[in-house]
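Summary of structural features
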Amino acid sequence: MDTIIKNLSEAVSLIASENTWIEGTAIQQLHHVATLSGVTKVVGMPDLHPGRGYPVGASCFSIGRFYPALVGNDIGCGMSLWQTDITTNKLHMDKLEKRIGSIDLPLDQNWHTEIAELGLSDVPFRHALGTIGRGNHFAELQQLDQVLDAVSLQTLGIERRQLLLLVHSGSRGLGESVLRAHTEQFGHAGLEQGSAPAEQYLAQHQQALHYAVGNRQLIARRLLNKLRAEGECLLDVNHNLVSAATIDGQQGWLHRKGATPTDRGIVVIPGSRGDYSYLVAPIADSRSLFSIAHGAGRKWMRSECKDRLNQRFGVEQLRRTSFGSRVICDDKALLFEEAPQAYKPIDSIVEVLQQAGLIRVLARLKPVLTYKTREECC
């Protein structure tokens, strides 16, 4: 375990094995975060990769100040998992794909009541509610592939013969607007705890969290409606946020950018669209800043993907996976950028977390049908 959670310096740790693919730029970004005023601890997860100035797949603890830039522009990005009543013995892929069609346009007036019930009628960027967004966001129908803890699955209400729906999305343009307004006024210097600007950001941050949770619910309901199915939300966990926390007796601020909390119960760690996802029970540990990986983590930069893959795969090939699952995506560039080859193998991430004593695996999930945004309308 001690060889998995490596101390790179007094303030910087990395959860990785000798075989974990970690870019040097991401390590440099970890060390840079540790130089920020008030920062006492930075931890890189095994899915760590470089971000725009700050690492993705990391947690950071600071005292007296917090840093909106460490949360990033998609405040509240996270995962929700739904149990559906679609049975595996009646799968008809052509029918499922046709029924889904597109969910990229704004919700129509038939959704006004549900939007109001979620308390989202007057939020900024209301027109983007119920849409996934670009990048690595997705919605995916999955089926149970392996069960390691049947009792926990039964407690959650997961039925082996029924498909699950995993939704990965966030606060859309709202989170981006919050970060942009903050950095235009304050740059990257962070905010002093208790100051008026800090309180203003935290209020906007909370609104974005609320938006993100509601958005995932609307995405799931929208898909279920198109599939003529029913569903129930089993879990919903954010992995981009900052929150007040006490760690090793010190009160401060815990930032997570692509890092899943261990204090929200059972969570999903997804792979790429052509890989497994894992349902896990996190194990709280201050050495990881009470966080675990949020996914597989990128291996290639987006700008590299097409050149690396276009001699090996055509567009239609990228819409199918080695599992026999399908990908709904009309954006050819996104198909290359989000190809399974661009991501680390999810098994390697899960294995490291197990070796570090940070998770207990409950089940393995296999993709059936993945929806990536068809067009950016919002």
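Before any of the text, the structure's been laid out above.
All residue numbers refer to positions counted from 1 along the written sequence of the respective chain. The predicted nature of this model means local features are confined to residues of pLDDT at least 70 and side-chain atom pairs, given and counted, to a pLDDT of 80 or more, with totals for whole chains, interfaces and linings taken over all residues. Based on all heavy atoms of the structure, the side-chain values leave hydrogens and waters out of the count.

1. Concerning the packing of helix α6 (residues 172–186) against helix α7 (residues 196–226)
Every angle, taken between N-to-C directions, lies between 0 and 180 degrees, and every axis is a line fitted to C-alpha atoms, over only the stretch in contact when it is a helix. Going along the chain from the N terminus, every DSSP run of H or I of four or more residues is numbered as a helix, and every run of E of two or more is numbered as a strand. At their nearest, the axes of α6 and α7 sit 8 Å apart, and the two run at 165° to each other. Taken together, the axes of α6 and α7 lie roughly antiparallel to each other. Viewed along their axes, α6 and α7 form a crossing whose handedness is left-handed. Seen from α6, the contacting residues are R172, L174, V178 and F186; seen from α7, they are P197, Y201, Q204, Q207, A208, Y211 and N215. Gly counts as polar in this scheme, as do all residues outside two lists: the nonpolar Ala, Val, Leu, Ile, Met, Phe, Trp, Tyr, Cys and Pro, and the charged Asp, Glu, Lys and Arg. Along the lines of polarity and charge, the residues of the contact of α6 with α7 split into seven nonpolar, three polar and one charged. Here the angle decides the label: under 35 degrees means roughly parallel, over 145 means roughly antiparallel, 65 to 115 means roughly perpendicular, and every other value means oblique. Note on convention: the crossing is left-handed when the near helix lies turned anticlockwise from the far helix by less than a right angle, right-handed when the turn is clockwise. Note on contacts: a residue pair is in contact if any heavy atoms of the two residues lie within 4.5 Å.

2. Some words on the packing of aromatic side chains
Put simply, two rings from Phe, Tyr or Trp (the six-membered ring, in Trp's case) pair if the centres are within 6.5 Å, and we call them stacked under 30 degrees between planes, edge-to-face over 60, tilted for the rest. According to the stated counting rule, one finds three aromatic pairs in the structure shown. Centre to centre, the rings of F66 and Y201 are 5.9 Å apart; their planes meet at 40°, and the pair counts as tilted. Within this pair, whereas F66 is found in strand β5 (residues 65–66), its partner Y201 is found in helix α7, the two being separated by 135 residues in sequence. Each member of the pair F66 and Y201 is classed as buried. On the basis of an interplanar angle of 65° and a centroid distance of 4.7 Å, the ring pair of Y276 and F323 is categorised as edge-to-face. Taken together, the residues span a long stretch of sequence, with Y276 in the loop between β14 (267–270) and β15 (277–282) and F323 in the loop between α9 (315–318) and β17 (326–328) at a distance of 47 residues. Exposure classes here rest on a 1.4 Å probe applied to the protein chains alone. A residue is buried below 20% of its type maximum, exposed above 50%, and partly exposed in between. The exposure class assigned to Y276 is buried, which follows from its relative accessible area of 16%. One aromatic cluster in this structure is built from F66, Y201 and W253.

3. Some points on the side chain of D236
Within the secondary structure, D236 is located in strand β10 (residues 231–238). A polar side-chain atom of D236 sits 2.8 Å from a polar atom in the side chain of R216. Residues contacting D236, with those up to four places away along its chain left out, are M79, S80, V213, R216 and R264. Polar contact criterion, stated in full: a pair of N or O atoms within 3.5 Å, where within protein one must be able to donate a hydrogen and the other to accept it, and residues adjacent in sequence count only if both atoms are side-chain atoms.

4. Describing the pairing of strand β11 (residues 240–247)
Bridging between β11 and strand β12 (residues 250–257) involves eight bridges; their strand directions are antiparallel. Across the sheet, the residue bridging to A245 is G252, located in β12. If you look at the hairpin formed by β11 and β12, you'll find two residues sitting between the two strands, and D248 has a positive phi there, around 50°. Strands were regarded as paired on the criterion that DSSP finds at least two bridges between them.

5. Some details on α7
To estimate the expected span of a helix, subtract one from its residue number and multiply by 1.5 Å. When the terminal C-alpha atoms of α7 are compared, their 45 Å separation across 31 residues agrees well with the 45 Å that a helix rising 1.5 Å per residue should span. Count one or two residues on from α7 and you reach R228, which has phi positive near 55°.

6. Notes on the side chain of R273
With respect to the helices, strands and loops of the structure, R273 is situated in the loop between β14 and β15. Only four residue types enter the tally: Lys and Arg on the positive side, Asp and Glu on the negative side; His and the chain ends are excluded. Salt bridges are defined by distance alone: a side-chain nitrogen of Lys or Arg within 4 Å of a carboxyl oxygen of Asp or Glu. Of the side chains bearing the opposite charge, E338 lies closest to the buried R273, which forms no salt bridge; the N-O distance is 5.9 Å. A distance of 2.9 Å separates a polar atom in the side chain of R273 from the backbone oxygen of L335. Within the local environment of R273, its side chain forms a polar contact with the backbone oxygen of E338, the two atoms lying 2.9 Å apart.

7. Considerations on the pattern of salt bridges
One pass over the structure, following the stated rule, counts 16 salt bridges. Note that R216 is salt-bridged to D236, the shortest N-O span being 2.8 Å. Taken as a pair, R216 in helix α7 and D236 in strand β10 lie far apart in primary sequence, 20 residues in all. With its nearest N and O atoms 2.8 Å apart, the salt bridge here joins R302 to E338. Here R302, found in helix α8 (residues 302–309), pairs with E338, found in the loop between α10 (332–337) and α11 (346–355); they are 36 residues apart in sequence, far enough to count as distant.

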